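Fold and geometry: a report
So you can see what is in the structure, the chains are spelled out below.
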Amino acid sequence: MAGKTFLIGIAGGSGSGKTTFIGELRKRFKENELCIMSQDDYYKARESQLKDENEVSNFDLPESILTDEMVRDIEILSSGKEVQRAEYVFNNEKAKSKLLTFTPAPVILVEGLFVFNHQALMNMFDLKIYIQAKENLKVIRRIKRDRIERNYPLEDVLYRYERHVLPAYEKYIRPFKYEADIIVNNNINFDAAMDVITGFITNKLDPK
């Protein structure tokens, strides 16, 4: 694929299946064909996060993200230069942060809750994909992820979902659904959508 880097944005509510979808997509391409960046690695430190009325840090706000730094890094990658960044481990004491290296590729995929909420990012995307799932499924997936990967107690997960996650979804994520080029339903599986998007990217990499 010659010329400009092709940028894909993937958004969707917490628990919609973005990470699983992107993990499967990663398997289908070589490292030098597809670079994946996650907004999760651009969260501000806990002490810099806004707090709710009960003094609980709210990570589910666009202001929680260092979006300008993400835009900068995407621009650097698009220019053909490597980017390094410390992995964000969500204050999980059991997890050890790694130094992530992002290598330039002809296709760059950028995923996150709020990647459609920031106009500078939206202006960069050549293709916008929105992943959605039923609310009850998203809650179950969120509980499993936060308890296992982030070491959050169940009470904390449910509190955040009701007070932070759901309001943020309704205000900052769902309104951008119909600005997406492709909407993927992930209630049972995303197999058909995965095949379609794989074919699209393959064509971008090797146009006939």
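Residues numbered from 1 in each chain as written. Predicted model: local features only at pLDDT ≥ 70, side-chain atom pairs only at ≥ 80, totals over all residues. Heavy atoms only, no water.

1. Overview of the overall build of the protein
Helices and strands together make up the secondary structure of the protein, namely 6 helices and 7 strands. Here the C-alpha radius of gyration of the protein, 17 Å, is about what a compact globule of 208 residues would show, namely 17 Å. Principal-axis analysis of the C-alpha atoms gives the protein an extent of 55 × 35 × 30 Å. A buried classification covers 49% of the 208 residues belonging to the protein. Here the analysis covers contacts within the protein between residues at least 6 apart in sequence; of these, 73% occur between residues at least 24 apart. Of the roughly 11000 Å² that the protein leaves accessible, carbon and sulfur atoms contribute 51%. Positive and negative side-chain charges of the protein, numbering 31 and 32 respectively, have mean locations separated by a distance of 3 Å. (Helix = DSSP H or I, 4+ residues; strand = E, 2+ residues; numbered from the N terminus. Rg over C-alpha atoms; globule rule 2.2 N^0.38 Å. Buried < 20%, exposed > 50% of the residue type's maximum accessible area, 1.4 Å probe, protein only. Contact = heavy atoms within 4.5 Å. Areas by Shrake-Rupley, 256 points an atom, 1.4 Å probe, with all protein chains shown as cover. Lys, Arg positive; Asp, Glu negative; His and termini not counted. Charge placed at Lys NZ, Arg CZ, Asp CG, Glu CD.)

2. Describing helix α6 (residues 191–205)
Along an α-helix, a turn takes 3.6 residues, which lines up residues three or four apart on a common side. Taking 1.5 Å per residue as the helical rise, α6 with its 15 residues ought to reach 21 Å, and the 21 Å between its terminal C-alpha atoms agrees with that figure. All of the buried residues in α6 are A193, M194, I197, T198, I201 and L205. When α6 is viewed along its axis, its buried side chains cluster within an angular range of 130 degrees and face the same direction. With respect to the buried face of α6, the exposed residues turned more than 90 degrees away are A192 and V196. (Expected span 1.5 Å × (residues − 1). Arc of directions from axis to C-beta.)

3. Here's the deal with the environment of R142
Residue placement: R142 occurs in helix α4 (residues 135–148). Along the primary structure R142 and G15 are separated by 127 residues, whereas in three dimensions their C-alpha atoms are 5.1 Å apart. Ignoring anything within four residues of it in the chain, the contact list for R142 reads S14, D60, V157, Y161 and V165.

4. Examining the pattern of salt bridges
One pass over the structure, following the stated rule, counts 11 salt bridges. The partner of K4 in a salt bridge is D126, and the shortest N-O contact between them spans 3.0 Å. Residue K4 is found in the segment before β1 (6–12), and its partner D126 is found in the loop between α3 (119–122) and β6 (127–132); the two are separated by 122 residues along the sequence. Taken together, the shared-partner salt bridges connect E24, K27, R28 and D195 into one network. (Salt bridge = Lys/Arg side-chain N within 4 Å of Asp/Glu carboxyl O.)

5. Topic: the packing of helix α1 (residues 18–27) against α6
It is the contact of α1 with α6, at a shortest axis distance of 11 Å, that shows an interaxial angle of 45 degrees. Relative to α6, the element α1 lies oblique. Crossing handedness for the pair α1 and α6: right-handed. Between α1 and α6, the contacting residues are F21, E24 and L25 on the first element and M194, I197, T198 and I201 on the second. (Axes fitted to C-alpha atoms, helices over the stretch in contact; angles between N-to-C directions. Parallel < 35°, antiparallel > 145°, perpendicular 65-115°, else oblique. Left-handed = near helix turned anticlockwise from the far one by under 90°.)

6. Focus on the packing of α4 against helix α5 (residues 154–173)
Where α4 contacts α5, the axes come no closer than 10 Å and their chain directions differ by 130 degrees. The angle between α4 and α5 falls in the class oblique. The two elements α4 and α5 cross, and the hand of that crossing is right-handed. Here α4 contributes E135, K138, V139, R142, I143, D146 and R147 to the contact with α5, which in turn contributes L154, V157, L158, Y161, V165, L166 and Y169.

7. A look at the sheet that holds strand β2 (residues 34–38)
Spatial strand order, β2-β5-β1-β6-β7: 5 strands in an open sheet with parallel pairing. Where the open sheet ends on each side, the last strands, each with one partner, are β2 and β7 (182–185). Geometrically, the sheet is characterised by an average inter-axis angle of 20 degrees between neighbouring strands, direction not taken into account. Bridge count between β6 and β7: 4 bridges; the pairing is parallel. Each bridged residue has a counterpart across the sheet, and for Q132 the counterpart in β7 is N185. (Pairing = 2+ DSSP bridges.)

8. Re the nonpolar core
Core analysis: the largest hydrophobic core is formed by 35 residues, its most contacted members being M37, I74, V110, F116, L121 and F125. Taken together, the elements giving at least two residues each to this core come down to β1, β2, α2 (67–78), β4 (99–102), β5 (107–111), α3 and α5. The next biggest cluster of nonpolar side chains, apart from the first, holds 20 residues, and it includes L25, V107, I131 and A193. (Core = buried A, V, L, I, M, F, W, Y, C linked by side-chain atoms within 4.5 Å.)

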